Every structure is written in structure tokens, then in C-alpha cells.
Amino acid sequence: MRRKGSHMLQLNHIKKEYKTGDLVQKALDDVSLNLRDNEFVAILGPSGSGKTTLLNVIGGLDRYDSGDLIINGISTKKYTDRDWDSYRNHTIGFVFQSYNLIPHQTVLSNVELALTISGISGAERRNRATKALEQVGLGDQLHKHPSEMSGGQMQRVAIARALVNHPQVLLLDEPLGALDLRLRKDMQNELKNIQQRMGITFIYVTHDQEEALTMSDTIVVMNKGKIQQIGRPEDIYNEPKNAFVADFIGESNILNGVMVRDKVVKMYGREFPCVDGGFAPNEPVDVVIRPEDIDIVPVEQGQLVGTVTSVTFKGMQYDIIVDFRGFKWLI
Ligand code: ADP
Ligand code: MG
């Protein structure tokens, strides 16, 4: 019996390279990560940052070059092919952007097939497949063919197929990427609900920061094969660890400054309060200022004085560009 909240997957210093001719691509460059039971984790990063490679290593589809992947406390360094097969069939479920359904079979048969592969047949197979489809809201669509369904419905079938073997972890690689915005939002909520209902770990790859911020308990931000930051959505947004994370998540103004002392930063010869500490006195830093944290006030009350160069209505807010000595602030 595993303890709730214990670490079920541990990645220690995982490296993975791809060699194409003379070119060596570091797809995963010293990645360390602990994943708990019953956690919704987003792997977030731009295209080519190593997200799919990370997911495939976690899922046993790709082998790592060095480091270790520890599953439920056991190192996979000595895993045989049979161990990997068993892990992929019993511990892990996969959902990809392309649904990979068999077109000439019904929805029910598509889900049943996953159980056939695990050696389950007869009434048990039918009952479990039906239940999995009910869980994703397709209880009344069992005998349709994939061609008779919408993209959102087909993705639900793929999710049911991945869940029918009761995996401990569901791996999802940009699963909503092919859906239109409205449907994406609905499916985001639904996936989150399924995760909470089933009480299993979801590892969800996306390049969409808003999706990551709204769905996850933990976000892992990647760039160039390296983890940039791991944290709760609020921490990632409010206290990005570096300029890459600040720039990638939300809008931000990034300026050069100097840490005068803990919680005081100096820019343009003036001191401002800030949230960080632990720097050397007068250490140069990147200062990240979110647009919504800046107030526009009458000139005589302002700390910095600039010129408004554009105002754009965005529905929820106005985006105002202010030129200050050549730097374009977004406010
Ligand atoms: P992401 O999913 O974040 O877009 P990937 O994990 O697919 O990124 O790729 C990470 C890096 O590894 C990229 O530079 C990509 O070109 C490279 N890469 C991925 N798969 C292969 C492969 N099979 N052969 C060669 N290079 C690959
Ligand atoms: Mg990818």
C-alpha cells in the first residue's frame, strides 16, 4: 500500500540526447523531479523544450541515457523489457493529441481492445469498458463509430481507453491541441474533474501557459531540455525564478536593477520595495514587474514619468504602453 502524497515517481539527474549526424541535441539535460500520488502536474514550455521527451521517458516509451527513474521506490536501471512492458500496461495510461482510434470499430470496441491486450475478456471486459465510457460522459454513445463523433468526443474515447486499465498515472501530451477554444475550456474543466474523481496523478504536457495555470497543482517549466522552475501556479506567476519564466508566463516588464539589500531594489536611481531577498549587496538582477502591478497616477505623485504611446481595449483590461527613456512599459 502506498501512502497518499508519497513520491511515486522520482527522476534523478535524467539525461537524454538525440544524435543526428554530427548534431547532438540535449533533449533532457539533468532533469530531476519528484511526483506525488493524486497530483495534477503540467509540463509547460515552448516547442522543442523537451516536454514530449520527458513524458516518453516517464512513460517508458523512450529510454534515458543516464540518471535514474525511480517508480514506487524501485530504480528502473535494471528493468528488463518485460518490466517495462508491464509498467506501460498496468501503471501508465497515455493520451495523445491524435486520438488513434480504430475507425471501423465502435467506441465500445475501441475501449474494450485496451482490456483485451491486458488479458481481460467477456462480461468483465464489456462492463469495465462501458463504465469507463460513462465516466467521460459517453454512456449513450457506445455503439457509434469514431467518424460519427466530434473531436471532443473522440478525445473522450481516448481518455476512457487510457483509464480503463486503472493506471496509477495518466500521461497526456497536448491532448486538447486539436480542439477549438470553447471546447478546450470545457474539456479542461472536465479533465480536472476526472483527475479529482479518480484520485490518480495526471502529467499534462502543454505549451499553453493559461491552460497550465488553471488546471494544475504543480507546474514544471521547461526550456532547452532543462527545468527552469517547479512550483504551484501562484508561485510560478508571482515569483518567477528567472527572466525566461517571467517572460513565458504572463506578460511582464523586465528591467535591469540592483539589489540594495533584502526586499529593496534600485532602478533608475530610485529605490523600490520588492519581494526577494538573499542577494549580495548591490548584486545586479533582472527586475520583473507585472503590468497589473503598476499604477498610473498624476505626474506630481509618480515615481517615474513617461509618455503614453498607445491604449488598447482588451475586454477585461486596457493595455497601455508607456515610453520611459526608450523602454516600452506595458501597464
Ligand atoms: P517538445 O515536446 O517540448 O516540443 P521534444 O521533447 O519533442 O520537445 O524535443 C526536444 C528536442 O529533442 C528538440 O530539439 C527535438 O528536435 C529533439 N528531438 C526529439 N525527438 C527527436 C528524435 N526522435 N530524433 C532527433 N531529435 C529529436
Ligand atoms: Mg511535444
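1. A few points about the pattern of salt bridges
Any two side chains of opposite charge can pair, given that their charged atoms come close.
Part 1 of the reasoning: Scanning the entire structure with this criterion turns up 16 salt bridges.
Part 2 of the reasoning: One salt bridge in this structure joins Arg-125 and Glu-112, with 2.8 Å as the shortest N-O distance. Placement of the pair is Arg-125 in helix 4 (residues 122–135) and Glu-112 in helix 3 (residues 107–117), with a sequence separation of 13 residues.
Part 3 of the reasoning: The salt bridge involving Asp-323 is made with Lys-328; its shortest N-O contact spans 2.8 Å.
Part 4 of the reasoning: On the basis of relative accessibility, which here comes to 21%, the residue Asp-323 falls in the partly exposed class.
Part 5 of the reasoning: Residue Lys-328 is classed as partly exposed on the basis of its relative accessible area, which comes to 48%.
Part 6 of the reasoning: Shared partners join several salt bridges into a network, and the residues in it are Glu-112, Arg-125 and Arg-126.

2. Here's the deal with the packing of helix 3 against helix 5 (residues 151–163)
Part 1 of the reasoning: Following both chains from N to C, one finds helix 3 and helix 5 inclined at 30°, their axes separated by 8 Å at the closest point. Of the possible angle classes, the one that applies to helix 3 and helix 5 is roughly parallel. For the pair helix 3 and helix 5, the sense of crossing is right-handed. Contacts between helix 3 and helix 5 involve Val-107, Asn-110, Val-111 and Ala-114 on the former and, on the latter, Val-157, Ala-160 and Arg-161.
Part 2 of the reasoning: When the residues that make up the contact of helix 3 with helix 5 are grouped by side-chain class, the tally is 5 nonpolar, 1 polar and 1 charged.

3. Overview of the environment of Thr-201
Part 1 of the reasoning: You can see Thr-201 is positioned in strand 8 (residues 201–206).
Part 2 of the reasoning: Given the relative accessible area of 0%, Thr-201 is considered buried.
Part 3 of the reasoning: Distance in space between the C-alpha atoms of Thr-201 and Met-8 is 9.3 Å, their sequence separation being 193 residues.
Part 4 of the reasoning: The contact partners of Thr-201, leaving out residues within four places of it in the chain, are Met-8, Arg-36, Asp-37, Asn-38, Glu-39, Gln-168, Val-169 and Leu-170.
Part 5 of the reasoning: A polar atom in the side chain of Thr-201 sits 2.8 Å from the backbone oxygen of Arg-36.

4. Here we look at unusual backbone geometry
Part 1 of the reasoning: Of note in this structure, Glu-174 is not a glycine but carries a positive phi near 45°.
Part 2 of the reasoning: On the secondary structure map, Glu-174 appears in the loop between strand 7 (169–173) and helix 6 (181–198).
Part 3 of the reasoning: In this structure Glu-174 comes out as buried when scored by relative accessible area, which is 17%.
Part 4 of the reasoning: Located in the positive-phi region is Lys-263, a residue other than glycine, with phi close to 65°.

5. Re the site of ligand 1
Part 1 of the reasoning: Surrounding ligand 1, one finds Tyr-18, Gln-25, Ala-27, Pro-46, Ser-47, Gly-48, Ser-49, Gly-50, Lys-51, Thr-52 and Thr-53.
Part 2 of the reasoning: In the environment of ligand 1, an oxygen atom lies 3.1 Å from a nitrogen or oxygen atom belonging to the backbone of Gly-50.
Part 3 of the reasoning: In this structure, Lys-51 approaches ligand 1 through a side-chain N or O atom, which is 2.8 Å from an oxygen atom.
Part 4 of the reasoning: For ligand 1, whose accessible area on its own is 560 Å², the fraction buried by protein is 63%.
Part 5 of the reasoning: Elements with a contribution of two residues or more to the shell around ligand 1: strand 2 (23–36) and helix 1 (51–58).
Part 6 of the reasoning: The element contributing the most residues to the shell around ligand 1 is helix 1, with 3 residues.
Part 7 of the reasoning: Taken together, the residues that form the shell around ligand 1 break down as 3 nonpolar, 7 polar and 1 charged.

6. Here's the deal with empty space enclosed by the protein
Part 1 of the reasoning: All told, the structure shown has 1 cavity of 30 Å³ or more when counted by the stated rule.
Part 2 of the reasoning: Put simply, the largest cavity is a space of about 40 Å³.
Part 3 of the reasoning: Together, Glu-174, Pro-175, Leu-176, Gly-177, Arg-184, Tyr-204, Thr-206, His-207 and Glu-211 line the largest cavity.
Part 4 of the reasoning: Residue classes in the lining of the largest cavity are distributed as 3 nonpolar, 3 polar and 3 charged.

Rules behind the numbers
Residues numbered from 1 in each chain as written. Chains lettered and ligands numbered in written order. Predicted model: local features only at pLDDT ≥ 70, side-chain atom pairs only at ≥ 80, totals over all residues. Heavy atoms only, no water. Salt bridge = Lys/Arg side-chain N within 4 Å of Asp/Glu carboxyl O. Helix = DSSP H or I, 4+ residues; strand = E, 2+ residues; numbered from the N terminus. Buried < 20%, exposed > 50% of the residue type's maximum accessible area, 1.4 Å probe, protein only. Axes fitted to C-alpha atoms, helices over the stretch in contact; angles between N-to-C directions. Parallel < 35°, antiparallel > 145°, perpendicular 65-115°, else oblique. Left-handed = near helix turned anticlockwise from the far one by under 90°. Contact = heavy atoms within 4.5 Å. Nonpolar A, V, L, I, M, F, W, Y, C, P; charged D, E, K, R; others polar. Polar contact = N/O pair within 3.5 Å; in protein donor to acceptor, adjacent residues only side chain to side chain. Near = heavy atom within 4 Å. Areas by Shrake-Rupley, 256 points an atom, 1.4 Å probe, with all protein chains shown as cover. 1 Å grid on protein atoms, 1.4 Å probe; cavity = no way out; pocket = protein on both sides within 12 Å on 5 of 7 lines; lining within 4 Å. Points joined across faces, edges and corners; volume = space filled by probe spheres on them.

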